[in-house]
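# Examination of the molecular architecture
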Amino acid sequence: MSTATATATATGVELEARIRQAPGQFRVMTGDRPTGPLHLGHYFGTLHNRVRLQELGVDVFVIIADYQVLTDRDVADRLGAYMEGMVLDYLAIGIDPARSTVFNHSAVPALNQLMLPFLSLVSVAELNRNPTVKDEIAHSRQSAVSGLMFTYPVHQAADILFCKGNLVPVGQDQLPHLEVTRTVARRFNERYGAVFPEPDALLSAAPLLLGTDGTKMSKSRGNSIALGADADETARLIKGARTDTERHITYDPEHRPGVSSLVLLAALCLDRDPHAVAEEIGGGGAAALKRTVTEAVNSRMAPIRARRAEYARDLGYVRSVLRAGNARANEIAGATLDEVRGAMGGRF
């Protein structure tokens, strides 16, 4: 475990206690890029945690980061449909627009204006060393990497700091990005006066779900089970999932990643221990495993799918949720930008 991870883990225990004691002191910023349908990996990895924080009374901001789609893509294909689908998914899982703010990046110009002063606070060398950026570049689908990719961590800093977010749920791989945000906030405050909080990481303990091909579940790899998938499509995708030749089912992520990911998915849906689920299937083999997973997923997702279908019948309401979220985000971003300009003596 790295020093940064160990620190974030230790801090997370304290943060959880403070959240329960005084949830109103926290503002969470989180979100997704609209590059494809949200899937079960998103649900168990981040989405249900947003609802948990919302229910505790934390002010939750959820950004649909449409501008950031261009960091590693030449064009933003099907952007409108993906954004609408995301709002449907958010509503279906329990995000309440009366208590959480859902908005899209491009609708908040003042947020993006913060990029300029923020970029002046970090060096090219610092951006170039960011390990998450290096990984994104390595897996980029573009023939050449744009300058926007290098500014990605600073763009995220603007996303977080425009609303003075002080708590960011992240996976371990996102800690370097959040450190850039903390650096930007600290340097701005030192140079111009105290304006921004230095946000803390709420490190996710979410387990890694593999896709149906045995690699990381991803919107772009076509190996995921979308939240909007129906029962039949879910059954078909699970039936085609990669396992192995050993008949007896065990939970052993290191040596049997494909089988173990399916066991874990069933366990998460059933709120059970994965070892117990594997033991129960035992010698039933891959067929029994996939049958168990299919039943567990379809049972867990049934109410979410029903709510999603209900919201999909009233897209006017869905769009109004985004308009209201955009309006609140614009109001806050405008106030923050005015404060930044004042701190900088009107020089920006």
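Here, the structure is the one placed above.
Residues numbered from 1 in each chain as written. Predicted model: local features only at pLDDT ≥ 70, side-chain atom pairs only at ≥ 80, totals over all residues. Heavy atoms only, no water.

## A look at the pattern of salt bridges
This model, assessed by the stated rule, comprises 19 salt bridges. Glu84 is the salt-bridge partner of Arg319, the closest N and O atoms lying 3.0 Å from each other. Linking Arg319 in helix H15 (residues 315–343) with Glu84 in helix H3 (residues 79–93), this pair joins segments that are 235 residues apart in sequence. For Arg319, a relative accessible area of 43% translates into the label partly exposed. Several salt bridges share partner residues, and in doing so they unite Glu179, Arg182, Arg186, Glu198 and Asp200 into one network. (Salt bridge = Lys/Arg side-chain N within 4 Å of Asp/Glu carboxyl O. Helix = DSSP H or I, 4+ residues; strand = E, 2+ residues; numbered from the N terminus. Buried < 20%, exposed > 50% of the residue type's maximum accessible area, 1.4 Å probe, protein only.)

## So, the side chain of Thr30
Along the chain, Thr30 falls in strand S1 (residues 27–32). Under the relative-accessibility criterion, Thr30 is labelled buried at 11%. Looking at Thr30, its side chain comes within polar contact range of the side chain of Arg50, at 3.4 Å. (Polar contact = N/O pair within 3.5 Å; in protein donor to acceptor, adjacent residues only side chain to side chain.)

## Things to note about the packing of aromatic side chains
Any pair of aromatic rings gets described here by the distance separating the centres and the angle formed by the planes. Evaluated as defined, the whole model comprises 8 aromatic pairs. Both rings, one in Tyr43 and one in Phe44, keep their centres 4.9 Å apart while their planes meet at 80°; by these two values the pair is edge-to-face. With a centroid separation of 6.4 Å and 75° between ring planes, the pair formed by Phe61 and Phe103 is classed as edge-to-face. Here the residue Phe61 occupies a position in strand S2 (residues 59–64), and Phe103 occupies one in strand S3 (residues 100–104), the gap between them amounting to 42 residues. (Phe/Tyr/Trp six-rings, centres within 6.5 Å; stacked < 30°, edge-to-face > 60°.)

## Describing empty space enclosed by the protein
Tallied over the entire structure, the rule returns 1 cavity of 30 Å³ or more. Taken as a whole, the largest cavity spans an internal volume of roughly 110 Å³. Lining the largest cavity are 14 residues, with Leu210, Gly211, Thr212, Ala241 and Leu262 sitting closest to its centre. Looking at the lining of the largest cavity, the element that brings in the most residues is helix H12 (residues 257–270), giving 4 residues. Within the lining of the largest cavity, the residues separate by chemical class into 9 nonpolar, 4 polar and 1 charged. (1 Å grid on protein atoms, 1.4 Å probe; cavity = no way out; pocket = protein on both sides within 12 Å on 5 of 7 lines; lining within 4 Å. Points joined across faces, edges and corners; volume = space filled by probe spheres on them. Nonpolar A, V, L, I, M, F, W, Y, C, P; charged D, E, K, R; others polar.)

## Concerning the packing of helix H9 (residues 152–161) against helix H10 (residues 175–192)
Two elements in contact, H9 and H10, have axes separated by 8 Å at closest approach and are oriented at 65°. Taken together, the axes of H9 and H10 are roughly perpendicular relative to one another. Along this stretch, H9 crosses H10, giving a crossing that reads as right-handed. For the pair formed by H9 and H10, the contact residues are Tyr152, Pro153, Val154, Gln156, Ala157, Ile160 and Leu161 on the first element and His177, Leu178, Val180, Thr181, Val184 and Ala185 on the second. Its residues assigned to classes, the contact of H9 with H10 comprises 10 nonpolar, 3 polar and no charged. (Axes fitted to C-alpha atoms, helices over the stretch in contact; angles between N-to-C directions. Parallel < 35°, antiparallel > 145°, perpendicular 65-115°, else oblique. Left-handed = near helix turned anticlockwise from the far one by under 90°. Contact = heavy atoms within 4.5 Å.)

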